[in-house]
Every structure is written in C-alpha cells, then in structure tokens.
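Now for the letters of each chain:
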Amino acid sequence: MKQRVSELACLGGAPEFADPLHVAQLNMPPWERVEAAFRDIFARRRYANHGPLVRELETRFARLLGVEHAVCVTNGTVALMLLARALELRGEVIVPAFSFPATVQAVSWAGLTPVLCDVDAATHMLDPMRVAERIGPGSAGILGAHLWGRACAPGALAELAERHGLALFFDACHGIACAHGGRFLGGFGAGEAFSFHATKVLNGLEGGCVTTNDARLAARLRTLRSFHGEETFCDAAPRMNAKMSEAQAAMALLSLDDLPANLVANRRRHAAYQACLAGIPGIEVVDYGRTDAHNHQYVVLDVDADAAGLSRDALFDLLEGENVLCRRHFHPPLHRLHSYRDGYGPDHFPVAEYLGRRLLQLPSGQAVSLEDTERVCGLIRLILAHGPELRQCVEAGR
Ligand SMILES: *Cc1c(COP(=O)(O)O)cnc(C)c1O
C-alpha cells in the first residue's frame, strides 16, 4: 500500500492495482455449474420462446419478492419500455432528472412525453413536493427510480398518484432484494422493472423483468414481449420481440442460487469501505440503514469538495490513474443529455446538478476483495491528505 504522495501514479509511480478494479458486480457462478446448465439446454434443444428455464426464473423471482407476476424480458431498459407501454397511458410521465439515461429513454420509446423533475438532496430521488408542482393537465403517470436500492418514497408518491388519477411505476433496476417497510421492492406501484445486467447483483448476462400484482397488466406484458403467438389472449399493440433466452435464464437462475452469498459479500464490502473511510473530512459513504433488507450493490461516496480539499472529479482522475475505475453516476444529469435538454438551462434542476458534481461510485462486486477495499481507502486517504498539491498534477494531466 502506498505511503508517500510521491508514489502516486499522477506523480510518476506505478498504478496501485496492476489490473483495473471496476464498478460492477460481475458476479459469476463457477464454470462447472454454467457448463452443466448449458448441457441441459443443449440436451433439451429448447433455446428460446419462453422455455422451462424462463418460466422457472419467473416463478422463483416472483416468489423471492413476494409478488404475483414476474415477466422476464431481454434487459432492464426493455422491461421499462414495455411496462410504460403496457400501462396504456397517453401524455406526460414525470421522471427524475437524476437517474440512469434508460429511465427517461424508456418513457420516450413508449410514446410518452417525459417531464423531468428535480430530486431530494437527502434521498437523491424524486421529491414528492416537487412532483406535485410538475403535475399538470397532460400528466398521465409518475416513474420513480429506486436509486442505490433505496425506496423512492412509495407511500407519498402513491398518495399523490391516487389523488391526481396518475399511474405510478418504478425503475427498480438497482433494487433487487431491497425492502421498504418490510416489503421487497417489486410490489410497489402498478409495476416495477428490474435489470439482470452483469453489473447488477443478479446476473443473467443481460436480462430484465417486470413484476406486478396486476394480472391484466402481466397478460399485456406477456403479449407485448412477443411479436406473435398466443401466450396470452389480449389486445396489446404494437408488439415486439423482447423475449428472454434460455441461456439468459440459466445464468440468472444460477445467480439466484448465489444471491444470498453475494448479498453477504456485498454487505461486508460496503461495511469495510464505510469503516475505513470514516472520519475523513468531506467524504461520506451513503448509508443504507439496518432496518430493511438491502443489496449493497453500490458503494456511493459523497464528496464535499470544500471540506475534502479536492473535487470529486479530481479524485476520480487520480483513482483512475491507480487503476481504480470509479463511476460518476449520474453525470451529466438527464436535463443535460442531448435528446432531453430542450427547454432546460444547465442549472434548471439544482439538486440533480449538485449531486451530479458530488457522487462517486467505488468498485464493488465479486472481483473486489476486502483487501482491495482497504487499498482503495488507503489511496483515498493519501490523496485527500495532499489535495492542493495533487490538484495541480491533475490539471496538468488534463
Ligand atoms: C442498469 C439500469 C437500467 C438498464 O438496465 P439494462 O438491463 O442495462 O437495460 C435502467 N435503470 C437503471 C437505474 C439502471 O441502473
């Protein structure tokens, strides 16, 4: 572990890590189990079209979350698109300005008009008071995103939606195995969309799912996800091909077997980061509390540049030099993305801007050992102890 500032990569030292550490779960089962599962698929010669593994995954995922229906699709973005479409809305959907681009893109793809809304500085998610201000005659729905696996004010938003006759649904792509008030995410609002991307805690090598307790909505989703065939008899148009393959389902099922162990490992990594970064001025690891189940999929650092003596971006660059590849979710916020910036100045949503400048996601997942977390913390401590000096070094490198 580096002890002296002169050893940092920015000042000419070798990177702390020979191989890059990523912000991604990349939880992979041992190869032998993957091989066995794929042998079974080949023996059955059933590779696609809602085969037995997709159905088993739907049953097990619904049971895990305590919801009635789970409809698996190709990926989380498509899950959100189909959910937005299956709700049969017309008009505007209120969407957080601080989220992953897919949140707003899904609304556009469903033929709806996204109306961006600022978020709460404490929760990072839709602020029900701000949502109320964005409701107008064209409003049809509210799409909340459960960022970092914390629930997006489901009670207050449900009340608001009901009062104004709006549909409420959620981007739950961060929220597998996370609970709110003793209930798992997946059963809130009309429906919730999950991702089984390799970067998420449950890995289907891409994959996604919509969960709902509404049988009619589930039937529409099953129809929409397949361009032909009568999986369900209901009218839903336009249909598309969003089917999950047996190969994806096999991976997701193996990952579901490993989920309890992966959740424990994530909790340990998160706690290790929290402990070894405690007491550094200007730095805080976003806490997930102890009362509800959580997946600890993300380790989110909140960097107060004034107190830390170094900006989030400078810290990001310096860590990158050490092969610690962090992420700056969500920078830029959605109102600054090319397709969505019309009508919004760069400072239109001050809280989204503020968070976009401060948050940093640290490496986590199966490839990051507890010892690695200690080394990352050591680097952060060393870097922040020499902020002014390193600022010049970063600027020279830009
Ligand atoms: C990962 C993610 C998505 C998209 O999921 P994919 O499976 O990659 O399409 C959408 N929203 C959020 C918040 C995500 O983190």
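Right above here is the structure, for reference.
Conventions we followed
Residues numbered from 1 in each chain as written. Predicted model: local features only at pLDDT ≥ 70, side-chain atom pairs only at ≥ 80, totals over all residues. Heavy atoms only, no water. Helix = DSSP H or I, 4+ residues; strand = E, 2+ residues; numbered from the N terminus. Buried < 20%, exposed > 50% of the residue type's maximum accessible area, 1.4 Å probe, protein only. Contact = heavy atoms within 4.5 Å. Polar contact = N/O pair within 3.5 Å; in protein donor to acceptor, adjacent residues only side chain to side chain. 1 Å grid on protein atoms, 1.4 Å probe; cavity = no way out; pocket = protein on both sides within 12 Å on 5 of 7 lines; lining within 4 Å. Points joined across faces, edges and corners; volume = space filled by probe spheres on them. Nonpolar A, V, L, I, M, F, W, Y, C, P; charged D, E, K, R; others polar. Disulfide = S-S within 2.5 Å. Lys, Arg positive; Asp, Glu negative; His and termini not counted. Salt bridge = Lys/Arg side-chain N within 4 Å of Asp/Glu carboxyl O. Expected span 1.5 Å × (residues − 1).

Novice: Could you give me a rundown of the environment of Gln 297, with the residues and numbers involved?
Specialist: By secondary structure assignment, the location of Gln 297 is in the loop between β10 (283-285) and β11 (299-303). Take Gln 297: its relative accessible area is 3%, and that puts it in the buried class. Spatially, the C-alpha atoms of Gln 297 and His 270 are 8.6 Å apart, while their sequence positions differ by 27 residues. Leave out the neighbours within four places in its chain, and Gln 297 touches Gln 25, Cys 173, His 174, Lys 200, Val 201, Asn 266 and Ser 364. In terms of polar contacts, Gln 297 uses its side chain to reach the backbone amide nitrogen of Val 201, at 2.9 Å.

Novice: Help me get a handle on the layout of surface pockets, residues and values and all.
Specialist: The calculated volume of the largest pocket comes to roughly 550 Å³. Lining the largest pocket are 30 residues, and of these Phe 100, His 197, Thr 199, Lys 200 and Tyr 298 lie nearest its centre. Of all the secondary structure elements, the ones that give two or more residues to the lining of the largest pocket are α3 (76-86), α4 (101-109) and α10 (312-321). Of the residues belonging to the lining of the largest pocket, the class tally is 13 nonpolar, 12 polar and five charged. In terms of lining residues, the second largest pocket is bounded by 13 residues, among which Arg 85, Ala 86, Glu 88, Leu 89 and Ala 237 are the most central.

Novice: For the state of the cysteines, give the residues involved together with the corresponding values.
Specialist: A full pass over the atoms with the stated rule returns two disulfides. Linked covalently through their sulfurs, Cys 10 and Cys 393 form a disulfide whose S-S length is 1.7 Å. Its S-S torsion of about -130° marks the bond between Cys 10 and Cys 393 as left-handed, since a negative value means left-handed. On the criterion of sequence distance, the pair formed by Cys 10 in the segment before α1 (31-44) and Cys 393 in helix α13 (residues 387-397) is long-range, its members being 383 residues apart. Among the residues examined, Cys 10 registers a relative accessible area of 32% and is labelled partly exposed. Left without a disulfide partner, Cys 152 is nearest to the cysteine sulfur of Cys 117, which lies 9.6 Å away.

Novice: Help me get a handle on the side chain of Glu 246, residues and values and all.
Specialist: Within the element layout of this structure, Glu 246 appears in helix α8 (residues 246-277). At 4.3 Å, Arg 44 is the nearest oppositely charged side chain to Glu 246, a buried residue that forms no salt bridge. Among the polar contacts listed, one links the side chain of Glu 246 to the backbone nitrogen of Val 54, at a separation of 3.1 Å. The residues contacting Glu 246, other than those within four sequence positions of it, are Ile 41, Arg 44, Arg 46, Tyr 47, Ala 48, Gly 51, Pro 52, Leu 53 and Val 54.

Novice: For helix α2 (residues 52-65), give the residues involved together with the corresponding values.
Specialist: Between the first and last C-alpha of α2 there are 20 Å, a value that for 14 residues agrees with the 20 Å anticipated at 1.5 Å per step. Following α2 by one or two positions, Gly 66 has its phi on the positive side, about 70°.

Novice: Can you tell me about the pattern of salt bridges, naming the residues and giving the values?
Specialist: Applying the stated criterion across every chain yields a total of 17 salt bridges. A salt bridge links Asp 127 to Arg 130, with the shortest nitrogen-to-oxygen separation between them at 3.8 Å. The exposure class assigned to Asp 127 is buried, which follows from its relative accessible area of 15%. The partly exposed category is assigned to Arg 130, whose relative accessible area is 31%. Linking Arg 290 and Asp 287 is a salt bridge whose minimum nitrogen-to-oxygen distance equals 3.9 Å. Exposure remark for Asp 287: the relative accessible area of 37% places this residue in the partly exposed category. Among the charged side chains, a salt-bridge network with shared partners connects Arg 33, Glu 56, Arg 60, Asp 257 and Asp 258.

Novice: Residue-level account of empty space enclosed by the protein, with values.
Specialist: In this structure the tally under the stated criterion is one cavity of 30 Å³ or more. A volume near 50 Å³ is recorded for the largest cavity. Among the residues forming the lining of the largest cavity, the class breakdown is five nonpolar, five polar and no charged.

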